[in-house]
Protein chains: 2
Amino acid sequence: MKIKVLQDILDANEQIAERNRQLLDSKGVFAVNLMSSPGAGKTSLILETIKKLKGKTKLGVIEGDVSSSLDAERIGKEDVPVIQINTGGGCHLDANMAYSAIDNIPLQDIELLFIENVGNLICPAEFALGEHKRVVVSSIPEGDDKPFKYPLMFHRADAVLINKIDLLPYLQFDIQAFSQAIKGINEKVEIIQISCVTGQGIEEWVSWLLTQIGKR
Amino acid sequence: MKIKVLQDILDANEQIAERNRQLLDSKGVFAVNLMSSPGAGKTSLILETIKKLKGKTKLGVIEGDVSSSLDAERIGKEDVPVIQINTGGGCHLDANMAYSAIDNIPLQDIELLFIENVGNLICPAEFALGEHKRVVVSSIPEGDDKPFKYPLMFHRADAVLINKIDLLPYLQFDIQAFSQAIKGINEKVEIIQISCVTGQGIEEWVSWLLTQIGKR
């Protein structure tokens, strides 16, 4: 019975997500659902991507957080349209919340929309928002065992970015073992090592992203 | 209506948690609910605490994870009774899950029980397990803005440990601002800086813990 109710919620969410995707497609907007643990570097990644694409691709950002508008304020400084969603306790965005934001952001001025999900490796994986691609940001300090502990998140990702690679000299993290663990549950996933501090890998990430938009 | 149902769940959970607490009290076991983001260092902290208390205090550990038994295997090497709970997708432990484990661990051989919750800064804060104290492990790489983004977790903590303090030279993290943000929502909380790599602060943490057990 409990499972039935959850299934209904997920089905309803999937329908709204599909409507969001159609709306985005009709406006020529490509959307990325960005997910990670708290503090893995989603906002920093968006900021680095904005810098790289300035003058080339028009970006918009939806920020999801339980509370506060700190991330939207950081993004707002870059002169990019941004909307903050506060879930008020909710542990993930859902398609309905995403719709409220999509409906309020100037889609005609945007080609690429980042939707930064709530910092959480579990629940966001279950709720489609209408995105075209799902990107997971992992970071070196979190440790290399995460794919075993949070398999759904890695199973459903189109790309996994290994962030804070500049901290590798100071921490124990086996990149090969981590990558193999992800490939074991998700053969086709793209894995890119990046650092938002040194800029390493950002070029490769942006190139992957633009290829995905072109393929659409 | 939705809120009513959630309230019922939380009330039912609170009742089971209270029963867990009575059971633990009747056996003279002090329980700590350990919460954090993924990879903040809960298991490492338990391992360091086991080392410090070896021969002094008899420990037991309940490990909560969505999937895998990696953490229980790490703890098991220390010759301490340990039980792994896999939530199978659930984003937090609840009092009922905790009871299943408490009922299966040899309480007569234990004075201090660590319950390591699922790595998540949101949902675990809402569900009491029957613990005597709630301890949040934050880590330097997560950034100093977390109390603003995940206020409930910090609001309900008895202690916040700032872990991975050895990484401070390589990262931007304002300890004073972080501590002030926590004190702003939780005046009485204990804040201790630690490193499970260098051992810094572990003595202070263990001393705080033993004082809490003594006060009971």
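It should be noted that the structure appears before, not after, this text.
Residues numbered from 1 in each chain as written. Chains lettered and ligands numbered in written order. Predicted model: local features only at pLDDT ≥ 70, side-chain atom pairs only at ≥ 80, totals over all residues. Heavy atoms only, no water.

1. Considerations on the environment of A:Ile16
Just so we agree on the cut-off: Helix and strand labels come from DSSP, where a helix needs a run of H or I of at least four residues and a strand needs a run of E of at least two; each type is numbered from the N terminus.
As for its position among the elements, A:Ile16 is in helix α1 (residues 2-26). Each C-alpha atom of the pair A:Ile16 and A:Ala101 lies 13 Å from the other, and the pair is 85 residues apart in sequence.

2. Describing the interface of chain A and chain B
The condition is simple: In this analysis, two residues are considered to be in contact whenever any of their non-hydrogen atoms come within 4.5 Å of each other. Two parts placed together each lose some accessible area under a 1.4 Å probe, and the buried area is that loss summed for both. Basic side-chain nitrogens of Lys or Arg form a salt bridge, by our definition, when they fall within 4 Å of a carboxyl oxygen of Asp or Glu. The definition of a polar contact used here is a pair of N or O atoms within 3.5 Å, where within protein one atom must be able to donate a hydrogen and the other to accept one, and adjacent residues in sequence count solely through side-chain atom pairs.
On the chain B side, the residues contacting the 30 residues of chain A number 30 residues. Counting the surface lost from both chain A and chain B, the interface buries some 2,300 Å², and carbon and sulfur atoms represent 64% of this. Broken down residue by residue, the surface that chain A buries against chain B is led by A:Pro38, A:Ile122 and A:Lys149, which jointly contribute 25%. Joining chain A to chain B, the criterion identifies two salt bridges. Taking the shortest distance from any N to any O, the salt bridge between B:Asp71 and A:Lys149 comes out at 2.8 Å. Across the chain A-chain B interface, the total number found is eight residue pairs in polar contact (both at pLDDT 80 or more). Broken down by secondary-structure element, the contributors of at least two residues to the side of chain A that touches chain B are α3 (70-76) and α5 (146-149) of chain A. Take the side of chain A that touches chain B: its biggest share by element is three residues, from α5(A).

3. Remarks on the packing of aromatic side chains
Filter applied, for reference: Centres within 6.5 Å make a pair out of two Phe, Tyr or Trp rings, where for Trp the six-membered ring is used; the pair is then stacked when the planes are under 30 degrees apart, edge-to-face when over 60, and tilted otherwise. Note on exposure labels: buried denotes an accessible area under 20% of the residue type's maximum, exposed denotes more than 50%, and partly exposed covers the range between, all computed with a 1.4 Å probe on protein chains only.
Scanning the entire structure with this criterion turns up nine aromatic pairs over all chains. Ring centres 6.4 Å apart and planes at 35 degrees place the aromatic pair B:Phe114 and B:Trp205 in the tilted group. Remark: B:Trp205 occurs in helix α8 (residues 202-215) and B:Phe114 occurs in strand β4 (residues 112-116); sequence separation between them is 91 residues. Among the residues examined, B:Phe114 registers a relative accessible area of 0% and is labelled buried. In this structure B:Trp205 comes out as buried when scored by relative accessible area, which is 0%. Taken together, A:Phe114, A:Trp205 and A:Trp208 form an aromatic cluster joined through their ring pairs.

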